[in-house]
Structure formats: C-alpha cells, structure tokens
Amino acid sequence: MSTAMNFSSKSFTARPPDKGAFPLDHFGECSAFKERFMECLRHSGYESAACRQSAMAYLECRMDRQLMANEPLEKLGFKDLINEKSEEKPEKS
C-alpha cells in the first residue's frame, strides 16, 4: 500500500486581490499621512480604533493621487467619521 500523495492532481488558480492593485507610493506623496498614522498607533499602544481619523486621511490621500481605486469612505468603514465631520460644520442659512 502506497502512502505517497499525488500533488499534481489539484491545481492552484491564482486570483487578483478584490480591490485591485495597491501601487507603492514611490514619490512619497502620502508619506506625511502615513507617518501621522504610525505615530498615532505608537502613542495608542497600537490600538487602531484610536487612529481612524489618521487612517481615513491616509486613504483619502492615496485615492486623490490615484494610488488606489476611488471608493466611498462609507464602504471603507468610515461612515461614522463622515457623519461627525458633517455635523461639526455649521449649516449655512
């Protein structure tokens, strides 16, 4: 009785990431936003929930410079922060 496994019977099919390519920021256009986010993480004991404002600003920077696909911030999990931002602005009468 043979216990050898035949690995060639199944093939692996690679698939692209769900959100597409995530190009590197070769020119450092968003590095200031990234550094603010990383600094926030260090100060908060790497509690990412405390740094959501910084994360949102970093992603907005990447979208503005076509370093990632434009997505509504609501879809990226920032709906509550967008609502807070709009409530802080006084309404024009």
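Presented here is an overview of the structure given in this document. Just so it is clear, the model here is predicted, and its values are computed rather than measured.

## Details of the overall build of the protein chain
For the protein chain, the helix and strand inventory stands at 3 helices and 0 strands. Moving toward the C terminus, one meets the helices and strands of the protein chain in the order α-α-α. The burial tally for the protein chain puts 19% of its 93 residues in the buried class. About 7,900 Å² of surface is accessible on the protein chain, with carbon and sulfur atoms providing 56% of the total.

## A look at the state of the cysteines
A covalent bond bridging the sulfur atoms of two cysteines is what the word disulfide describes. Tallied over the full model, the rule gives 2 disulfides. Each disulfide pairs two cysteine sulfurs, and for Cys-40 the partner residue is Cys-51, the sulfurs being separated by 2.1 Å. Classification of the bridge connecting Cys-40 and Cys-51 rests on its S-S torsion, roughly -95 degrees, and on that basis the disulfide is left-handed. Taken as a pair, Cys-40 in helix H1 (residues 31-43) and Cys-51 in the loop between H1 and helix H2 (52-64) lie far apart in primary sequence, 11 residues in all. Owing to a relative accessible area of 1%, Cys-51 belongs among the buried residues under this scheme. Indicated for the protein chain is the disulfide connectivity 1-4, 2-3, based on numbering the bonded cysteines in sequence order.

## Re the packing of aromatic side chains
Under the definition given, this model contains 0 aromatic pairs. Here Arg-36 stacks its cationic end above the ring of Phe-33, 5.0 Å away from the centre of that ring.

## Some points on the nonpolar core
By size, the foremost hydrophobic cluster in this structure holds 15 residues, and its most contacted members are Cys-30, Phe-37, Met-56, Leu-59, Leu-73 and Phe-78. Among the secondary structure elements, those contributing two or more residues to this core are H1 and H2. Sorting elements by how many residues they give to this core places H2 first, with 6 residues. Excluding residues that lie within four positions of it along the chain, Leu-59 makes contacts with Met-68, Leu-76 and Phe-78.

## A short note on the pattern of salt bridges
Throughout the structure, instances matching the rule amount to 5 salt bridges. Here Glu-39 ties to Arg-42 by a salt bridge, and the two come within 3.2 Å at their closest N and O atoms. With a gap of 3 residues between them, Glu-39 and Arg-42 both fall in helix H1, about one helical turn apart. Given the relative accessible area of 40%, Arg-42 is considered partly exposed. Taking the shortest distance from any N to any O, the salt bridge between Arg-52 and Asp-80 comes out at 2.9 Å. Highlighted residues: Arg-52 in helix H2 and Asp-80 in helix H3 (residues 79-88), separated in sequence by 28 residues. Residue Arg-52 is classed as partly exposed on the basis of its relative accessible area, which comes to 23%. The exposure class of Asp-80 is partly exposed, given its relative accessible area of 36%.

Each value, and the rule that gives it
Residues numbered from 1 in each chain as written. Predicted model: local features only at pLDDT ≥ 70, side-chain atom pairs only at ≥ 80, totals over all residues. Heavy atoms only, no water. Helix = DSSP H or I, 4+ residues; strand = E, 2+ residues; numbered from the N terminus. Buried < 20%, exposed > 50% of the residue type's maximum accessible area, 1.4 Å probe, protein only. Areas by Shrake-Rupley, 256 points an atom, 1.4 Å probe, with all protein chains shown as cover. Disulfide = S-S within 2.5 Å. Phe/Tyr/Trp six-rings, centres within 6.5 Å; stacked < 30°, edge-to-face > 60°. Lys NZ or Arg CZ within 6 Å of the ring centre and 35° of its normal. Core = buried A, V, L, I, M, F, W, Y, C linked by side-chain atoms within 4.5 Å. Contact = heavy atoms within 4.5 Å. Salt bridge = Lys/Arg side-chain N within 4 Å of Asp/Glu carboxyl O.

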